[in-house]
Amino acid sequence: MCIRDSVETTAMNVMVLIRLLYNRAVKDKTVSRELYPFGNGKFKIKFPETTKVGLTETEVKTLENLEGLSYNEQHSLNVWLFSLYFAGMRVSDVLKIRWSKIYDGRLHYRMGKNSKLVYLKKPLKVDAILKQYIKDKAHEDDFVFPEMRKADFTDAKDIYRKSKVATKKFNDNLKKIAIKAGIHKKLTMHIARHTFGHISEDK
């Protein structure tokens, strides 16, 4: 981090603290709401952009060949690789994939963010992941991964909550996996998207 970035981050942290103190003061009625300096038309805290670095192809191969993982770690890595192989698919979409959506050598699904229909060719590497979950498949409409099997799909909050809890679990495990793999970059579910973009740009 350069000196300028360090100064900007320090200034941002100070302003966040001041905003916190103002919020508490307003809540305690120590300060009038009219004197609150933040919000629309007032001072806005500018958060510096964070750099998210994708993995290299060599680092991905290291993950693919990694051994000695616990069941939960291997599951988290499987979900991460599944996301990567399918063009950096969002984890919220990965967890909603059903077996019935994989046919004719392609994955057919609707993006949760913009409802766009997507048809992606199924890479051969995905087959090795699917084989680890096929034993739990009872019906074609079952989810590939287990996290959403008990979700109430009439309740958007329940779906969001289960996806968020699962993502945190994955990220905690991915942090351990990165250490075991000797990868010093940050490894999270979101990094799968950046990794796909990074490798695609190289090619």
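Rules used throughout
Residues numbered from 1 in each chain as written. Predicted model: local features only at pLDDT ≥ 70, side-chain atom pairs only at ≥ 80, totals over all residues. Heavy atoms only, no water. Patch = residues over 30% accessible without salt bridge, like charges linked within 9 Å, V, L, I, M, F, W, Y side chains within 5 Å. Areas by Shrake-Rupley, 256 points an atom, 1.4 Å probe, with all protein chains shown as cover. Salt bridge = Lys/Arg side-chain N within 4 Å of Asp/Glu carboxyl O. Helix = DSSP H or I, 4+ residues; strand = E, 2+ residues; numbered from the N terminus. Buried < 20%, exposed > 50% of the residue type's maximum accessible area, 1.4 Å probe, protein only. Axes fitted to C-alpha atoms, helices over the stretch in contact; angles between N-to-C directions. Parallel < 35°, antiparallel > 145°, perpendicular 65-115°, else oblique. Left-handed = near helix turned anticlockwise from the far one by under 90°. Contact = heavy atoms within 4.5 Å. Nonpolar A, V, L, I, M, F, W, Y, C, P; charged D, E, K, R; others polar.

A cluster of nonpolar residues, L17, L20 and L21, forms a patch on the protein surface that exposes about 270 Å² of accessible area. Along the chain, L21 falls in helix α1 (residues 3-27). Exposure remark for L21: the relative accessible area of 48% places this residue in the partly exposed category.

Another aspect to go through is the packing of helix α3 (residues 71-85) against helix α5 (residues 124-131). In contact at an axis separation of 10 Å, α3 and α5 are set at 150 degrees when each is read in the N-to-C sense. In terms of their interaxial angle, α3 and α5 are classed as roughly antiparallel. Considering how the two elements wind past one another, α3 and α5 form a crossing that is left-handed. Two secondary-structure elements touch here, α3 through N78, L81, F82 and Y85 and α5 through K125, V126, I129 and L130. Of the residues in the contact of α3 with α5, the class split is 6 nonpolar, 1 polar and 1 charged.

Applying the stated rule across the entire model yields 10 salt bridges. Close ionic contact of K122 with D127 constitutes a salt bridge, the shortest N to O distance being 2.6 Å. The exposure class assigned to D127 is partly exposed, which follows from its relative accessible area of 26%. Notably, a salt bridge pairs R161 with D158, separated by 3.3 Å at the nearest N-O pair. With R161 and D158 both in helix α6 (residues 156-181), this residue pair falls 3 residues apart, about one helical turn. Bridged by salt links that share partners, the residues D158, R161 and K162 form one connected network.

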